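One-letter residues, chain by chain:
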Amino acid sequence: MFSPQLLRGAPNNELQQFSLGRDPAAYHYTNQGSTETLSEKSDYRATTGGLQALGFSTEEISMVWRTVAAILHLGNIEFKMQDESITIANGSTLANVAHLLKIICALVEQADKGVIAIMNEACLNVGKITDEMLLGDMDKKLSHHPHYSSRQLKPIDKELRHKEDFRITHYAGDVIYSISGFIEKNRDTLFQDFKRLLYRSHDPLISSMWPEGAQDISKTTKRPLTAGTLFQKSMAELVATLLRKEPLYVRCIKPNDIKSPTVFDEVRVEHQVRYLGLLENVRVRRAGFVHRQRYDKFLLRYKMISQYTWPNFRGGNDRDGVKVLMNEKNFSHDVRFGRTKIFIRSPQTLFALEQQRNDMIPHIVTLLQKQVRGWIARQRYKKIKAALVIMRHYRKYKLKSYVQDLAVRFRNARTLRDYGKGIQWPQPPLVGRQAERQLRMLYSRWRAAMILRKYPRDEWPQLRLQIIAASAFRKRRKFWGHDRRWLGNYLSVVAENSNYSSYNASVRNIKNADHFDTIVFSAFVKKFNKCNKSAERAIIVTDGAIYKLDGAKNKFRNMKRTVQIREITSISVSPGRDQLAVFHSHHNNDLIVALQGEHQPLKEDRIGELVAHVVRRHYAICQQELPVNVAPTFPLRLGNKSRTLSIEAAMGQDAPEFAYAGTVILFKVPPAYASPLESAETAANTLTQRY
């Protein structure tokens, strides 16, 4: 899966670093199936991004792709027969693998960062350097390496001694090293003068042991190499020598298990000889055949390479099947057919059979995987289908039971006074939660229809507004005009406004300038401003804003003081019968008005109508509820200053009026404007009371 992503998605410089090309057909592990370009480039970026999201560092991600590249190179390693032995034909490919998988070698050999480099640096420092100091330096520089650890880095690891041991994770397992003596052993005190002296010895053996002494004195003035560096160089030379040679394999037999030079365990040795097949090899070598095998096992192993023997040979016994196979592959000249076994003379024939078998196995594995995965998928699909059927019927049963319970509870809802509003709804099942919302909506519409059928349809718009007002006040204000007819645009009515013609002319001018659709409410008001003064004004509420107009004397001139409904943050009213309303906004200059008639206070409550229109338009514009505060005292802001407004019911007060005392704005109203409870207290005490 990752190999095509690396070949087709990685940058060119990364492929050059891994000694790879773009063509998947050039590698054994990627040319077995389709080499069509699909989504490997995007998959490579997605895989790299996923590793980064999981916390992999850049070095760790590079290690992952380096491992994938090494696997690709391993698939291309080829073997050849030479003098009846097997050798690697392409040593350069193996060298690439060794270069890519130098994880542990880098930990030990890497320049400036490896263990040897750290030891050499410690040996070159001036002053007394101890092994403990060396271990501390290694812990500091190798603390993030995944294959290095010590007791200081992992305090809970009891295998390591504190400030003495460190561990390196090699490919074959963990190895614990003691730091004791590292500094002393790494220092090479044998200087070049002594080596030159030994090289000039007349004894040929001693002279050959010190070839470094042949160097000129002008070229050897540096400090001698450390023991670690010499060991590193010698190992590199050894590996280079081995890569240039052809290996011969020697089978080693252990004479005993106690590592004694004088004990020969015959049973142990015989077991190893028989296990390794040495006796059979000797007999075959004597007869001139390198391999022999029973017909049934041979046919079972190689039958997939012939179309006549795969998947089963039905033209005779196993011996006949082996003959057909070998004749088809033209190997009959190099084999002999015994009574129960086939004998193969040359290794090339055996290697050719193995190669053809290896080439066929991926196709067979793919076929088997396809069949098995198909069977697993079909079984899983059947289980899923069965589970879905069971779940569907169970959901229907639970939903049906819930609906039946509702039907029993609401059987007589039509005859009840509240049409079943007080009936407790049962707890819906998980599958019925969506249905419950729909049923509640259906029931609410039915109940609303049962209630509204008593009223003419032309009264429904007012009912909607009254419902909005009731929801906004939430029983916190008793009087808000629910028992009268709401007209909305009162200033256009002759009975309300004797100068209605001037008003209509001013409204037309404002409408032509601002292009609003309609006026939903208008009234005479007494306004209180930031200069602590009150004035006679008028307001109109359109579908998008509240306009403040001058009084009738000035022909309702537009005061250019407009409050956009979308900018209103809340509305404050009192719990009494006064017509005070405060519109709060984020401009820190709230609008304070008290509704009134043209020449006298209002004799009916219109505050509910005003609040309903503003709340309704705010929800239509902003899609959220507008808070309505009901209290006798509430804070506000005028001219960027914090104020407090309080309503007083005062004896002898004939009409509502504003007063100013420090930071408190007083709205004095007659006692009749107070709630029934406040009016009783006022009459009893004959004192000014606030509510």
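Quick note: structure is the one above.
Worth saying up front: this structure is predicted, and the values here are computed from it rather than measured.

Student: Quick rundown of the side chain of Thr349? Include the residues and the values.
Tutor: For Thr349, the position within the fold is in helix α17 (residues 347–409). Residue Thr349 is classed as buried on the basis of its relative accessible area, which comes to 6%. Contact partners of Thr349, with chain neighbours within four places excluded, come to Met326, Phe331, Asp334 and Ile344.

Student: For the packing of aromatic side chains, give the residues involved together with the corresponding values.
Tutor: Taken as a whole and judged by the stated rule, the model has 19 aromatic pairs. Between Tyr419 and Trp446, the ring centres sit 6.1 Å apart and the planes meet at 90 degrees, which makes this aromatic pair edge-to-face. You can see Tyr419 sitting in the loop between α17 and α18 (433–452) and its partner Trp446 sitting in helix α18, a full 27 residues away along the chain. By relative accessible area, which is 9% here, Tyr419 ends up buried. On the numbers, 5.6 Å between centres and 75 degrees between planes, the contact of Tyr503 with Phe556 is edge-to-face. With Tyr503 in helix α20 (residues 500–514) and Phe556 in the loop between β11 (545–549) and β12 (558–564), this residue pair connects regions lying 53 residues apart in the sequence.

Student: Can you tell me about the nonpolar core, naming the residues and giving the values?
Tutor: Within the largest apolar cluster, 34 residues are counted, with the highest numbers of intra-cluster contacts made by Ile571, Phe583, Leu595, Leu610 and Val614. Counting residues per element, this core draws most heavily on helix α21 (residues 607–622), at six residues.

Student: Tell me what's going on with empty space enclosed by the protein, and back it up with residues and numbers.
Tutor: Using the criterion set out here, one finds one cavity of 30 Å³ or more in the structure. Approximately 30 Å³ is the volume found for the largest cavity. Residue lining of the largest cavity: Tyr490, Leu491, Glu496, Ser522, Ala523, Phe524, Gln596, Gly597 and Arg606, and that is the complete set. In terms of residue count, the dominant contributor to the lining of the largest cavity is strand β9 (residues 519–528) (three residues).

The rules behind the values
Throughout this document, residue positions are counted from 1 along each chain, in the order its sequence is written. Thresholds applied to this predicted model are a pLDDT of at least 70 for local features of residues and 80 or more for the giving and counting of side-chain atom pairs; totals over whole chains, interfaces and linings are not thresholded and use all residues. Heavy atoms throughout the structure, all of them, feed into the side-chain values; hydrogens and water do not. By the criteria applied, helices consist of DSSP H or I runs no shorter than four residues and strands consist of E runs no shorter than two, each listed in order from the N terminus. Partly exposed residues are those whose accessible area sits between 20% and 50% of the maximum for their type, while under 20% is buried and over 50% is exposed, using a 1.4 Å probe and protein chains only. The contact definition used throughout considers only heavy atoms, calling two residues in contact when any of these lie within 4.5 Å. Pairing of aromatic rings covers Phe, Tyr and Trp, the last counted by its six-membered ring, and requires centre-to-centre distances within 6.5 Å; plane angles under 30 degrees mean stacked, over 60 mean edge-to-face, and any other angle means tilted. In these notes, a set of buried Ala, Val, Leu, Ile, Met, Phe, Trp, Tyr and Cys residues joined through side-chain atoms within 4.5 Å is what counts as a nonpolar core. Cavity means a closed set of points on a 1 Å grid over the protein atoms alone, one where a 1.4 Å probe fits but cannot get out, pocket means an open set with protein on both sides within 12 Å along at least 5 of 7 lines, and lining means a residue has an atom within 4 Å of a point. Grid points are joined across faces, edges and corners, and a volume is the space filled by probe spheres set on the points.

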